[in-house]
Amino acid sequence: MRIEATDGNEHKVWLTDSEIENLLRATNSQCDDLIIQLGAFVGLRAFEIPQVWPVDVKHTDSGQYRLSVQAGKDNSGNGGEPRDAFLPADVERDFQSVHNNAPKK
């Protein structure tokens, strides 16, 4: 695990590639696997993951995928700011698969 001190009494923490692989191997479902991927490879925060849906995926003219998060981190006290995150093609494929195979209510 990589830890970096920031201003004040806060720290940024990153998992190593091997730690991410260990987490992915330990998942019990495709959904759990996707949650790890969205955090590790897309950079979504835990509270952002339940906000995103397939409709939030945009395919750019350059062939990349972007994932729109409607309410990201709140830096101003006025509610979360929208942001776009790069979505690797393999994570986009898994994202669509999980949502297409989810039980319908």
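In what follows, the structure referred to is the one given above.
Just so it is clear, the structure is predicted and the values come from calculations on it, not from any experiment.

In terms of helices and strands, the chain carries three helices and five strands. Its helices and strands in sequence order give the chain the pattern β-β-α-α-β-β-β-α, from N to C terminus. Along the first, second and third principal axes, the C-alpha set of the chain runs to 45 × 35 × 35 Å. Put simply, the chain has 105 residues, and 23% of those count as buried. Contacts in the chain between residues at least 24 apart in sequence constitute 38% of all its contacts with a sequence separation of at least 6. For the chain, the exposed surface amounts to about 7,300 Å²; the carbon and sulfur share of it is 51%. Taking the average place of the 11 positive charges on the side chains of the chain and the average place of its 17 negative ones, the gap between the two points comes to 3 Å.

This part takes up the nonpolar core. If you look at the biggest cluster of nonpolar residues, it comprises 14 residues, and the most contacted ones within it are Leu38, Val42, Leu44, Val52, Leu67, Leu87 and Phe95. Of all elements in the fold, only α2 (30–40), β4 (65–69), β5 (83–87) and α3 (89–100) reach the threshold of two or more residues within this core.

Looking at the secondary structure, you find alanine 71 in the loop between β4 and β5. Look at alanine 71 and you get partly exposed, because its relative accessible area is 29%.

The sheet contact formed by strand β3 (residues 57–59) and β4 spans three bridges and is antiparallel. Paired with valine 57 across the strands is leucine 67, a residue of β4. Counting the residues in the hairpin turn of β3 and β4 gives five residues, including glycine 63, whose phi is positive at 90°. As judged from the five bridges shared by β4 and β5, these two strands associate in the antiparallel manner.

With that settled, the discussion passes to a nonpolar patch on the surface. Residues Met1, Ile3, Val13, Leu15 and Leu23 make up a contiguous nonpolar surface patch of roughly 460 Å² in combined accessible area. With respect to the secondary-structure elements, isoleucine 3 resides in strand β1 (residues 2–5).

This part takes up the pattern of salt bridges. Within the structure shown, the criterion is met by four salt bridges. Between glutamate 48 and arginine 83 there is a salt bridge whose closest N-O contact spans 2.7 Å. With a gap of 35 residues between them, glutamate 48 in the loop between α2 and β3 and arginine 83 in strand β5 connect regions that are remote in the sequence. Assessed through its relative accessible area of 0%, glutamate 48 is described here as buried. We note a salt bridge from arginine 93 to aspartate 94, for which the minimum N-O separation is 4.0 Å. According to the relative accessible area criterion, arginine 93 is exposed, its value standing at 52%. Salt bridges linked by common partners bring Arg45, Glu48 and Arg83 together as one network.

How each quantity is defined
- Residues numbered from 1 in each chain as written.
- Predicted model: local features only at pLDDT ≥ 70, side-chain atom pairs only at ≥ 80, totals over all residues.
- Heavy atoms only, no water.
- Helix = DSSP H or I, 4+ residues; strand = E, 2+ residues; numbered from the N terminus.
- Buried < 20%, exposed > 50% of the residue type's maximum accessible area, 1.4 Å probe, protein only.
- Contact = heavy atoms within 4.5 Å.
- Areas by Shrake-Rupley, 256 points an atom, 1.4 Å probe, with all protein chains shown as cover.
- Lys, Arg positive; Asp, Glu negative; His and termini not counted.
- Charge placed at Lys NZ, Arg CZ, Asp CG, Glu CD.
- Core = buried A, V, L, I, M, F, W, Y, C linked by side-chain atoms within 4.5 Å.
- Pairing = 2+ DSSP bridges.
- Patch = residues over 30% accessible without salt bridge, like charges linked within 9 Å, V, L, I, M, F, W, Y side chains within 5 Å.
- Salt bridge = Lys/Arg side-chain N within 4 Å of Asp/Glu carboxyl O.

What is shown is where atoms sit, not what they do.
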